[in-house]
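Residue-level structure breakdown
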Amino acid sequence: MTLRPDLAIIADHVDPGSRVLDIGCGDGALMAALRDSKRVDARGLEIDAGNVALAMSRGLSVIQGDADTDLAGYPDDSFDYAILSQTLQTARAPDVVLDHLLRIGQRAFVSFPNFAQWRVRLSLLWGGRMPVTAQLPERWYDTPNIHHLTIDDFREYLKHRGIVVEGSWFLSGDKRTADALANLLAQHAVFLLRRAGTNDRLSG
C-alpha cells in the first residue's frame with residue numbers, strides 16, 4: 001500500500017511500538033501502515049461513517065467523532081503521538097484542536113495544504129476567483145476548508161504560542177522543497193511539534 005506523501009513522512013518518523021492517536025484518520029491507511037510495519041498501537045477518530053467502516057474492516061480501532069468536540073475527553077499524555085493530517089483547515093476552532101493535540105500526545109504531527117503556494121496565488125491573481133487546483137479541487141461553496149492558512153501563518157502561530165518544532169517537511173507533489181522557499185513553492189506542509197518544557201523556557 002502506497003501512502004499519501006505527507007502520511008509517508010509521518011510514518012517514517014513515528015517510533016516503533018508507540019501509542020498513536022490519528023485524528024481525522026480517514027480510511028485508516030496510516031494506522032494500518034504503522035501497525036503492520038512498526039507494531040504501533042494505533043487508535044483513530046474519524047467523522048465520516050463510511051471511512052470508519054472501512055478502517056474497522058481493516059481490523060483497526062476507530063470510533064466516529066469530531067475533532068472540534070470530542071478531544072476534551074482524552075487524558076493528558078495518553079499517547080506518544082497525536083496526528084492531525086489534512087484536517088486542521090477544516091476545524092471550526094483549529095487553535096483549540098491544536099491545544100488538545102499537544103495535551104493528548106507527547107508529540108504531535110500536523111499536516112495541511114499551503115494556501116500561499118504559487119499556483120494558488122496565480123489562480124487568484126489572474127482569475128480573480130477563489131482557486132480551484134489539483135491540491136484544492138473543491139469550489140468555494142462546497143469546500144470543507146474553512147480556515148485557509150499558509151506555512152508562514154502556521155510558523156508565526158507556533159512562535160507566538162511557544163510551541164517547539166522538532167521537525168518540518170515541505171512537499172510539492174511527492175518532492176521535497178527547500179525550507180527557505182516553502183511558503184511559495186510547497187503544496188503541503190508537515191510539522192512535528194511538542195509543548196515547550198522547562199529547559200526550553202530557560203534556554204529561550
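Basis of the calculations
Residues numbered from 1 in each chain as written. Predicted model: local features only at pLDDT ≥ 70, side-chain atom pairs only at ≥ 80, totals over all residues. Heavy atoms only, no water. Axes fitted to C-alpha atoms, helices over the stretch in contact; angles between N-to-C directions. Helix = DSSP H or I, 4+ residues; strand = E, 2+ residues; numbered from the N terminus. Parallel < 35°, antiparallel > 145°, perpendicular 65-115°, else oblique. Left-handed = near helix turned anticlockwise from the far one by under 90°. Contact = heavy atoms within 4.5 Å. Nonpolar A, V, L, I, M, F, W, Y, C, P; charged D, E, K, R; others polar. Salt bridge = Lys/Arg side-chain N within 4 Å of Asp/Glu carboxyl O. Pairing = 2+ DSSP bridges. Phe/Tyr/Trp six-rings, centres within 6.5 Å; stacked < 30°, edge-to-face > 60°. Buried < 20%, exposed > 50% of the residue type's maximum accessible area, 1.4 Å probe, protein only. Lys NZ or Arg CZ within 6 Å of the ring centre and 35° of its normal.

**Observations regarding the packing of helix H4 (residues 94–104) against helix H6 (residues 151–161)**
How two helices sit against one another is set out by the angle between their axes and by the gap between those axes. Remark: H4 packs on H6, axes separated minimally by 13 Å, with the N-to-C direction vectors making an angle of 60 degrees. The orientation of H4 with respect to H6, classified from their angle, is oblique. Of the two elements, H4 crosses H6, and the hand of that crossing is right-handed. Where H4 abuts H6, its residues Asp95, Leu98 and Asp99 lie against Phe154, Tyr157 and Arg161. Its residues assigned to classes, the contact of H4 with H6 shows three nonpolar, no polar and three charged.

**Details of the pattern of salt bridges**
A complete count under the given rule lists 14 salt bridges for this structure. Across the salt bridge formed by Glu166 and Arg107, the nearest N and O atoms sit 2.7 Å from each other. Taken together, the residues span a long stretch of sequence, with Glu166 in strand E6 (residues 164–172) and Arg107 in strand E5 (residues 105–113) at a distance of 59 residues. When the shortest N-O distance is used, the salt bridge between Arg155 and Asp179 registers 3.0 Å. Of this pair, Arg155 sits in helix H6 while Asp179 sits in the loop between strand E7 (175–176) and helix H7 (182–185), placing them 24 residues apart in sequence. Each of Arg19, Asp41 and Arg43 takes part in one network of salt bridges that share partners.

**A closer look at the sheet that holds strand E8 (residues 188–194)**
Across the sheet, eight strands lie side by side as E3-E2-E1-E4-E5-E8-E6-E7; this open sheet has mixed pairing. One side of each edge strand has no neighbouring strand; the edge strands of this open sheet are strand E3 (61–64) and E7. Where E5 lies against E8, six bridges are found, and the strand directions are antiparallel. Bridge pairing links Phe112 to Ala189 in E8.

**Points about the packing of aromatic side chains**
Here a ring pair, both rings aromatic, is described through the centre-centre distance and the interplanar angle of the planes. Throughout the structure, instances matching the rule amount to six aromatic pairs. Geometrically, the ring pair formed by Phe112 and Phe191 is stacked, given 6.1 Å between the ring centres and 5 degrees between the ring planes. Residue Phe112 is located in strand E5, and its partner Phe191 is located in strand E8; the two are separated by 79 residues in the primary sequence. The pair Phe112 / Phe191 is uniform in exposure class, with both members buried. One aromatic cluster in this structure is built from Phe112, Phe154, Phe170 and Phe191. Positioned above the aromatic ring of Phe79 is the side chain of Arg19, whose terminal nitrogen or guanidinium carbon lies 4.7 Å from the ring centre.

Fair warning: the whole summary comes from geometry, so function is off the table for now.
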